[in-house]
Structure formats: C-alpha cells, structure tokens
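Secondary and tertiary structure notes
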Amino acid sequence: MSDVSPQTRAEIDGVGRAAMRRIDPGTRAMVVAVGVVAAVASLLLPWVAGAPGWQILAADAGGPFPTFFSYTMTTFAIVVSVAALLTRLWVLAWLAAFGCGITSVTGLWAIWSLQTGAAPGPGIGLVLGVLAVVVLTFVWAGAALSRT
C-alpha cells in the first residue's frame, strides 16, 4: 500500500466514514412509508368526540394527552421518519426509533385518558395513529440495529 498517496488514503477513509453513518433500510423502507401514510391518515380521522386529529394538533382541543400525542406523532412518526428515510442517516434512524417509542407510550396514555374519564372514548384516528407509531418504532429500531 506504499504506492497510495496520502490524499488518496484520506479520500478513501472519508468515504468509509460516510458509509458508516448511513443505513440501508431495504424492504423496511416500504413499511416505513406505509406507516407514515397511516400516521398522516390518522390525523384526518376522528380522535376525540368526533374532532379529527389535525384539529387536536392545531387547537389543543382534545385534552393534554391527545394533544401531546399529536405533537410527538407529527414530529417523530412523520417528520423525523421522512427525514431518516430520505437521508438514510443512522442517527436519524435512531432518533426516529427512540422518538416513536416515546410516542407509543404517549399514545397509549391518550387512549387510556379517554377511556377512564367522562369523554366518549378514543376515535378510530387515534387508535390508527398509535398502531402506526408502534409499527414505526420496531421497524426503525430494526433498521438502526442492522447497520453494519
């Protein structure tokens, strides 16, 4: 390897470091895309007392837990997941996995809060949002852990 110049060696090392920061989601990319579409669709469906998720997100109208879930779902399941899918950066895949995991818990709290109070119960959009986030949690965790 003595015939390789220092500039070439630096370039090769730089390409290797850049490759280590990336993931290849493979077939998981389609599952992530479907999960993101399901999360967006859940915002259009009823969440609390017939109010769709986008109204809960925009107006803080559904109570503290559904509102917090709408914020975290929009941030991690939609924005961070799309960014991780487009850039394929390992750190964004981990952020999506961790954020979706926390969002799963907040979604379950939102459903629980609607079932234990005087509210009419969770709507189909809220349940779909929680299911989408749970799927995204496991898919992103698998993608982040499978990086070589």
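Everything numeric in this text was worked out from a predicted model, so none of it was measured. (Residues numbered from 1 in each chain as written. Predicted model: local features only at pLDDT ≥ 70, side-chain atom pairs only at ≥ 80, totals over all residues. Heavy atoms only, no water.)

**So, helix α6 (residues 124-145)**
Put simply, the rule reads: In DSSP terms, a helix is any run of H or I states spanning at least four residues, a strand is any run of E spanning at least two, and both are numbered starting from the N terminus. What a helix is expected to span follows from its residue count: subtract one and scale by 1.5 Å. The classification of residues rests on relative accessible area computed with a 1.4 Å probe and restricted to protein chains. Under 20% of the type maximum is buried, over 50% is exposed, and intermediate values are partly exposed. Whether two residues touch is decided by their heavy atoms; if any such pair falls within 4.5 Å, the residues are in contact.
The terminal C-alpha atoms of α6 lie 32 Å apart, and with 22 residues this matches the ideal 32 Å at 1.5 Å per residue to within 8%. Of all the residues in α6, the buried ones are Gly125, Leu126, Gly129, Val130, Ala132, Val133, Leu136, Thr137, Val139, Trp140, Ala143 and Ala144. Against α2 (28-44), β1 (46-48), α4 (64-87) and α5 (90-116) lie the buried residues of α6.

**Regarding the pattern of salt bridges**
Any two side chains of opposite charge can pair if their charged atoms end up close together. Heads up, the rule is: Salt bridges are counted wherever a side-chain nitrogen of Lys or Arg sits within 4 Å of a carboxyl oxygen of Asp or Glu.
Evaluated as defined, the whole model comprises 1 salt bridge. Asp24 is the partner of Arg88 in a salt bridge, and the nearest nitrogen-oxygen pair spans 3.5 Å. Linking Arg88 in the loop between α4 and α5 with Asp24 in the loop between α1 (6-20) and α2, this pair joins segments that are 64 residues apart in sequence. The class for Arg88 is partly exposed, based on a relative accessible area of 33%. Under the relative-accessibility criterion, Asp24 is labelled exposed at 60%.

**Observations regarding the packing of α5 against α6**
The cut-off we apply is this: Axis lines are fitted through C-alpha atoms, for helices just across the contact stretch, and the angle between N-to-C directions can take any value from 0 to 180 degrees. Any angle from 65 to 115 degrees is called roughly perpendicular, while one under 35 is roughly parallel, one over 145 is roughly antiparallel, and all others are oblique. The handedness criterion is simple: a crossing whose near helix is rotated anticlockwise from the far helix by less than a right angle is left-handed, and one whose near helix is rotated clockwise is right-handed. Residues are grouped as follows: Ala, Val, Leu, Ile, Met, Phe, Trp, Tyr, Cys and Pro are nonpolar; Asp, Glu, Lys and Arg are charged; all remaining types, including Gly, are polar.
Where α5 contacts α6, the two axes come as close as 8 Å, and the packing angle between them is 155 degrees. One finds that α5 runs roughly antiparallel with respect to α6. In terms of crossing hand, the pair formed by α5 and α6 is left-handed. Along the lines of polarity and charge, the residues of the contact of α5 with α6 split into 20 nonpolar, 5 polar and no charged.

**Description of the UniProt feature "transmembrane region" (unreviewed entry) in the protein chain**
Our working definition: UniProt positions are given in the numbering used here, feature names are shortened, and annotations may be inferred rather than shown by experiment.
According to UniProt, the positions carrying the feature "transmembrane region" (unreviewed entry) are residues 29-48, 68-86, 91-112 and 124-145. From the first C-alpha to the last, residues 91-112 spans 32 Å; its make-up is 100% helix and 0% strand. Note that residues 124-145 is 100% helix and 0% strand, and that its end C-alpha atoms are spaced 32 Å apart.

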